[in-house]
Amino acid sequence: MECCFDPQWPADELLMKYQYISDFFIALAYFSIPLELIYFVKKSAVFPYRWVLVQFGAFIVLCGATHLINLWTFTTHTRTVAIVMTTAKVFTAAVSCATALMLVHIIPDLLSVKTRELFLKNKAAELDREMGLIRTQEETGRHVRMLTHEIRSTLDRHTILKTTLVELGRTLALEECALWMPTRTGLELQLSYSLRQQNPVGYTVPIHLPVINQVFGTSRAVKISPNSPVARLRPLAGKYMPGEVVAVRVPLLHLSNFRINDWPELSTKRYALMVLMLPSDSARQWHVHELELVEVVADQVAVALSHAAILEESMRARDLLMEQNVALDLARREAETAIRARNDFLAVMNHEMRTPMHAIIALSSLLQETELTPEQRLMVETIMKSSSLLATLINDVLDLSRLEDGSLQLDIGTLNLRSVFNEVMCLIKPVASVKKLNIVLNLAEDFPEYAVGDEKRLMQIILNVVGNGVKFSKEGSISITASVAKAELLRDTRTPEFFPVPGDNNFYLRVQVKDTGSGISPQDIPKLFTKFAQNQSPALKNSGGSGLGLAICKRFVNLMDGHIWIESEGLGKGCTATFIVKLGIPEKMGDTKFPLIGQSAAKRVQTSFPGLKVLLVDDNSVSRAVTKGLLLHLGCEVTTVSSREECLRVVSEDHRLVIMDMCVSGVDSYDIAVQVQDRFTKRYERPLIVALTGNTDKLTKENCMRVGMDGVIVKPVSIDKMRTVLSDLLEHRVLF
Amino acid sequence: MDALQLRKQLIEYTAELFSEGFLDEQFTQLQQLQDETNPNFVVEVVSLFFQDSERLLNELAKSLSQQEIDFKKIDAYVHQLKGSSSSVGAHRVQRSCISFRDFCNAKNIEGCLECLQKVKQEYSLIKDKLETFFDLEQRLSATGGSPPLP
């Protein structure tokens, strides 16, 4: 028998129909879900739980199968269907339990993935935020660098401050930016620079307001109230909410306070105040990085200002120096002009004074040779004496001025010391004997006979000192002691500024002149060596003398590296004048090439030179005629040539002397001298060559010596001079 | 005029020439060189001086009127003139030559022209004076009077 299971209620066909439909759709859905899953999983690359899907798919498929098979159970169905149904259900149950168990594991994992995703999203957002912050800071840094660059690119104080405000305003998008500087008194702050107002004037604020103290007390930027006096720069329009205001101090550094890494904290420092206002009604706030920017800028401004101050000072110093330079230059030029004027004056006056003097002396001597009555002769003699005195005075004045210029040079040559002293004695003895004074000369045993120095000036010094002794003594004796100064005696404590240094080539000559005359009071002694200072003692007022003598002596003594001083015990007790001068030690006498032709030496001077053949070279016909006449007068045989070439042609060993006039006519006269010398092989055969020149300077003399000439004669030449020259030449074969 | 008066006049005139600076001691030297062996020494030298100076002054005038002035040449002429004048003792001429040389060194044309005029002036003055001097001397020796010693 077929078991047919009848359904319970055959009448509810509607219900069964709905069930039927629902089961069908459920099955459909259950079959389509895994398809969808597979489709989408295939699409996605990442899905870790594939086998879960498989499981789930199997579960769903079986569920769908079950519901599908359920469709057949609504009507009478066979046992096979029932078995299939049961199998399907059993399988479904198994898979679903397995899936349920699996899901227990899986769902927490899936959830955690979700949380991780959330976490990462948060992190990304945070990083974004930080990135934004860093970027802002970098922007700020860039702004600061740019600002600093702008500020530091100029050294002008106003530009610095103006630029600061402008750049700050731009960078931070400020409404207003102002700088308050302390006034001179330091008691007020004055609005010096402002962004919006071109020429701020008149705003001052006392410096000791609490808000200002607060800002000055810290190096950070401080938020202040928009109502404080420093911030109230514009009239507030009522409805606007003023923006936040920040103020920062700007240290005004003094140069001496400036240290690189160490801002000194002194309470007496001066500050300026920088006030920055955000735009009103913008609801912007001051950010930390903006405040830092402001602080950095304030420091930079301080630095820039101090640089500007340094520059200003150095420019001022430079201007001052330049002014002083100009003034000094002017003073120097004026001094030079004055000196030149004085020299010109002296030169001219000297010549102007000398010319008439010479005329007077010449004509008086001429007059003396004529027939005169005794009274006339006396008058003429007086004229001669006075004019010689005057001539000496003129010479003294000229000498002194040249000494002071430093243009006087000593005429160094070999001199005979003994004869110098002897000559002095000769000159002074007559005067002394008239006054009945006794003169004694003591020369030490080791007194050298020869020395090297300026003979003329040395004699002048000795004469002056001895002459003073004689002049100021009415009776008694004068003693002159001369010796070589010993080293120990040279170090005299009374003359600390005198440091004699005896060396191998020189010695110090010490001369002491003691007189028993009127003496000098101690307070007058320092004045003795000053120019024109006369001894005011009435007894001596008429002794004459210009007062220049000792001053000149002192200068000469100084030129000779020496020292001169006068001691006296008082009026009426006589006085002692001492001087020490440095003289050179002459070489062995045989080698001296250039003995000085002393005018004091009593040499035999030939009066005439018969037969002396002289060759005269001179291209000026007049002077040639004159010199020829001069030589003829002295008895020479003169041949004259007017050019150098002729000279070379004519010169022969007959001529003992060639006199060459050194004109500046192009050809080098020195050259001709050399050529003449070359002509003659043996030295004793060649004539002596002497130059005749108007130049008195040493250079000409040196040049002549250098080319081997035997002498130099300075024009104008008098008969006596030529006589002496010829004499010396023939005797010594040399004239220098 | 007799010898004594002429002599006095000559002495006075000589003194005047010296005191006014026309002559200096070099002229005295020349006079001393004149002796029996050389009786007209002074006149000869002075005539030589006149000839030379006139030549030089002409050369100077010519050189200074050129387009391209050769200052070196002018300097050489002036130097020669200076030498001549100092050899005879023509003091003023010598002095004006010195300042002429300064202008020459400074290449100052106007200065040079001015100096040339001055030199010419001084030269003609001394020429006159010396001619008068020689004339007096000649008249003195003509009357048999002895010339004053220089």
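These figures come from a predicted structure and were not determined experimentally.

Basis of the calculations
- Residues numbered from 1 in each chain as written.
- Chains lettered and ligands numbered in written order.
- Predicted model: local features only at pLDDT ≥ 70, side-chain atom pairs only at ≥ 80, totals over all residues.
- Heavy atoms only, no water.
- Helix = DSSP H or I, 4+ residues; strand = E, 2+ residues; numbered from the N terminus.
- Buried < 20%, exposed > 50% of the residue type's maximum accessible area, 1.4 Å probe, protein only.
- Areas by Shrake-Rupley, 256 points an atom, 1.4 Å probe, with all protein chains shown as cover.
- Contact = heavy atoms within 4.5 Å.
- Buried area = accessible area lost by both parts, 1.4 Å probe.
- Salt bridge = Lys/Arg side-chain N within 4 Å of Asp/Glu carboxyl O.
- Polar contact = N/O pair within 3.5 Å; in protein donor to acceptor, adjacent residues only side chain to side chain.
- Arc of directions from axis to C-beta.
- Pairing = 2+ DSSP bridges.
- Axes fitted to C-alpha atoms, helices over the stretch in contact; angles between N-to-C directions.
- Left-handed = near helix turned anticlockwise from the far one by under 90°.
- Nonpolar A, V, L, I, M, F, W, Y, C, P; charged D, E, K, R; others polar.
- Phe/Tyr/Trp six-rings, centres within 6.5 Å; stacked < 30°, edge-to-face > 60°.
- Lys NZ or Arg CZ within 6 Å of the ring centre and 35° of its normal.
- Parallel < 35°, antiparallel > 145°, perpendicular 65-115°, else oblique.
- pLDDT = per-residue confidence, 0-100.
- Disulfide = S-S within 2.5 Å.
- Patch = residues over 30% accessible without salt bridge, like charges linked within 9 Å, V, L, I, M, F, W, Y side chains within 5 Å.

### Notes on the overall build of chain B
Consideration 1: When you go through chain B residue by residue, the secondary structure sums to six helices and zero strands.
Consideration 2: Ordering the α and β elements of chain B from the N terminus gives α-α-α-α-α-α.
Consideration 3: Looking at the 150 residues of chain B, the share that counts as buried comes to 47%.

### Focus on the overall build of chain A
Consideration 1: If you tally the helices and strands in chain A, you get 16 helices and 18 strands.
Consideration 2: Residue burial in chain A is summarised as follows: out of 736 residues, 38% are buried.
Consideration 3: Per element, the accessible surface of chain A, about 43,100 Å² overall, is 59% carbon and sulfur.

### Let's talk about the side chain of Ser53 of chain B
Residues and elements named next belong to chain B.
Consideration 1: Position of Ser53 relative to the elements: it lies in helix 3 (residues 41-64).
Consideration 2: Overall, the relative accessible area of 0% leaves Ser53 in the buried class.
Consideration 3: In this structure Ser53 touches Leu81 and Tyr123, once residues within four positions along its chain are discounted.

### Details of the interface of chain A and chain B
Consideration 1: Tallying the contact residues gives 23 residues for chain A and 24 residues for chain B.
Consideration 2: Taking both partners together, chain A and chain B bury about 2,000 Å²; carbon and sulfur atoms supply 63% of that area.
Consideration 3: Our count for the chain A to chain B interface comes out at zero salt bridges.
Consideration 4: On the surface where chain A and chain B come into contact, there are four residue pairs in polar contact (both at pLDDT 80 or more).

### So, helix 15 (residues 698-706) of chain A
Structurally, the α-helix is built with 3.6 residues per turn, so residues lying three or four positions apart point the same way.
Residues and elements named next belong to chain A.
Consideration 1: Three or more residues of helix 15 are buried, namely Thr700, Asn703 and Cys704. Buried residues of helix 15, viewed axially, fall in a sector of 100°; they line one side. The outward face of helix 15, more than 90 degrees from its buried face, is lined by the exposed residues Leu699 and Arg706.
Consideration 2: Packed against the buried residues of helix 15 are helix 14 (669-679), strand 17 (688-693) and strand 18 (711-714).
Consideration 3: Downstream of helix 15 by one or two residues, Gly708 has phi in the positive range, about 95°.

### Thoughts on the pattern of salt bridges
Close approach of charged atoms lets side chains of opposite charge pair.
Residue and element names in this part refer to chain A.
Consideration 1: Within this structure, the stated rule accounts for 17 salt bridges over all chains.
Consideration 2: Linking Asp329 and Arg333 is a salt bridge whose minimum nitrogen-to-oxygen distance equals 3.4 Å. In this pair, Asp329 and Arg333 are both assigned in helix 6 (residues 288-368), four residues apart and thus about one turn of the helix distant.
Consideration 3: Overlapping salt bridges bring together Asp329, Arg332, Arg333 and Glu336 as one network.

### Focus: the pairing of strand 16 (residues 657-661) of chain A
All names here are of chain A.
Consideration 1: Within strand 16, five of the five residues are buried, which leaves it mostly tucked inside the rest of the structure.
Consideration 2: Burial of the side chains of strand 16 extends over both faces: Leu657, Ile659 and Asp661 are buried on one face and Val658 and Met660 on the other.
Consideration 3: Sheet topology note: the strand 14 (residues 613-617)/strand 16 ladder contains four bridges and is parallel. Bridging across to strand 16, Leu615 finds its partner in Val658.

### What to know about the packing of helix 12 (residues 621-633) of chain A against helix 16 (residues 719-732) of chain A
Residues and elements named next belong to chain A.
Consideration 1: One can describe the packing of helix 12 onto helix 16 by two numbers: an axis separation of 10 Å at closest approach and a directional angle of 65°. Considering only the axes of helix 12 and helix 16, their crossing is right-handed. Contact residues: helix 12 offers Thr627, Leu630, Leu631 and His633, while helix 16 offers Ile719, Met722 and Leu726.
Consideration 2: Of the residues that constitute the contact of helix 12 with helix 16, the class distribution is five nonpolar, two polar and no charged.

### What to know about the pairing of strand 6 (residues 270-277) of chain A
Residues and elements named next belong to chain A.
Consideration 1: Most of strand 6 sits out of view: seven of its eight residues are buried.
Consideration 2: Relative to strand 6, strand 1 (residues 176-182) runs antiparallel, the two being bridged by five bridges. Residue Trp180 lies in a different strand from strand 6, and its bridge partner there is Leu273.
Consideration 3: As judged from the eight bridges shared by strand 5 (residues 245-252) and strand 6, these two strands associate in the antiparallel manner.

### Some words on the packing of aromatic side chains
Consideration 1: Evaluated as defined, the whole model comprises eight aromatic pairs over all chains.
Consideration 2: Geometrically, the ring pair formed by Phe421 of chain A and Phe447 of chain A is edge-to-face, given 5.7 Å between the ring centres and 75° between the ring planes. Here the residue Phe421 of chain A occupies a position in helix 8 (residues 417-434), and Phe447 of chain A occupies one in the loop between strand 8 (438-443) and strand 9 (450-453), the gap between them amounting to 26 residues.
Consideration 3: With a relative accessible area of 1%, Phe421 of chain A lands in the buried category.
Consideration 4: Considering the side-chain rings of Phe49 of chain B and Phe50 of chain B, the 5.9 Å spacing of their centres and the 45° angle between planes classify their relative orientation as tilted.
Consideration 5: Residue classification places Phe49 of chain B among the buried positions, given a relative accessible area of 0%.
Consideration 6: Over the ring of Phe22 of chain B we find Arg92 of chain B, and its NZ or CZ is 4.2 Å from the ring centre.

### Overview of unusual backbone geometry
Residue and element names in this part refer to chain A.
Consideration 1: Backbone geometry places Lys436, a non-glycine residue, at a positive phi of 60°.
Consideration 2: Judged by relative accessible area, which is 69%, Lys436 ranks as exposed.
Consideration 3: Phi angles above zero are rare outside glycine, and Asp561 is one such case at about 60°.
Consideration 4: Mapped onto the secondary structure, Asp561 falls in the loop between helix 11 (549-559) and strand 12 (563-568).

### What about the packing of helix 4 (residues 157-172) of chain A against helix 6 of chain A?
Residue and element names in this part refer to chain A.
Consideration 1: The N-to-C vectors of helix 4 and helix 6 enclose an angle of 165°; their axes lie 9 Å apart at closest approach. It follows that helix 4 is roughly antiparallel to helix 6 by the angle criterion. The two elements helix 4 and helix 6 meet at a crossing, and its hand is right-handed. On helix 6, the residues that touch Arg157, Ile160, Leu161, Thr164, Leu168, Thr171 and Leu172 of helix 4 are Glu290, Leu293, Val294, Val297, Val301, Ala304, Leu305, Ala308 and Glu312.

### Points about the confidence of the model for chain B
Consideration 1: In the predicted model, chain B carries a mean pLDDT of 87, and 99% of its residues have values of at least 70.
Consideration 2: Overall fold confidence for the complex sits at a pTM of 0.37, while the interface term, ipTM, reaches 0.86.

### Remarks on the sheet that holds strand 3 (residues 204-206) of chain A
Sheets are built from strands that pair by backbone hydrogen bonding, the pairs being arranged parallel or antiparallel.
All names here are of chain A.
Consideration 1: A sheet is described by the order of its strands in space; here six strands give the open sequence 3-2-1-6-5-4, paired in antiparallel fashion. Strand pairing shows two members of the sheet lacking a second neighbour, strand 3 and strand 4 (222-224), which therefore form its edges. On average, each strand axis in the sheet is inclined to that of its neighbour by 35°, with strand direction left out of account.
Consideration 2: When strand 4 meets strand 5, the two strands line up antiparallel, connected through three bridges. Across the sheet, residue Lys223 finds its bridge partner in strand 5, namely Val246.
Consideration 3: Each of strand 1, strand 2 (188-194) and strand 6 is contacted by helix 4, which is oriented at about 150° to strand 1, the strand it contacts most.

### Quick look at the state of the cysteines
All names here are of chain B.
Consideration 1: All chains considered together, the criterion is met by zero disulfides over all chains.
Consideration 2: A disulfide-free cysteine, Cys112 has its sulfur positioned 4.6 Å from the sulfur of Cys104, the nearest such atom.
Consideration 3: The exposure class assigned to Cys112 is buried, which follows from its relative accessible area of 0%.

### Observations regarding a nonpolar patch on the surface
Consideration 1: Together, Leu14, Tyr18, Tyr20, Ile21, Phe24, Phe25 and Leu28 of chain A line one region of the surface with nonpolar side chains, adding up to about 750 Å² of accessible area.
Consideration 2: Relative to the elements of secondary structure, Phe25 of chain A occurs in helix 1 (residues 13-43).

### Some points on the confidence of the model for chain A
All names here are of chain A.
Consideration 1: Per-chain confidence: chain A averages 78 in pLDDT, with 83% of residues scoring 70 or above.
Consideration 2: Every residue in residues 537-544 scores below 50 in pLDDT, and together they form seven contacts with partners more than four places removed in sequence or on other chains.
Consideration 3: Note that residues 590-602 has pLDDT below 50 and, in this model, 14 contacts with residues that lie over four places away or in other chains.

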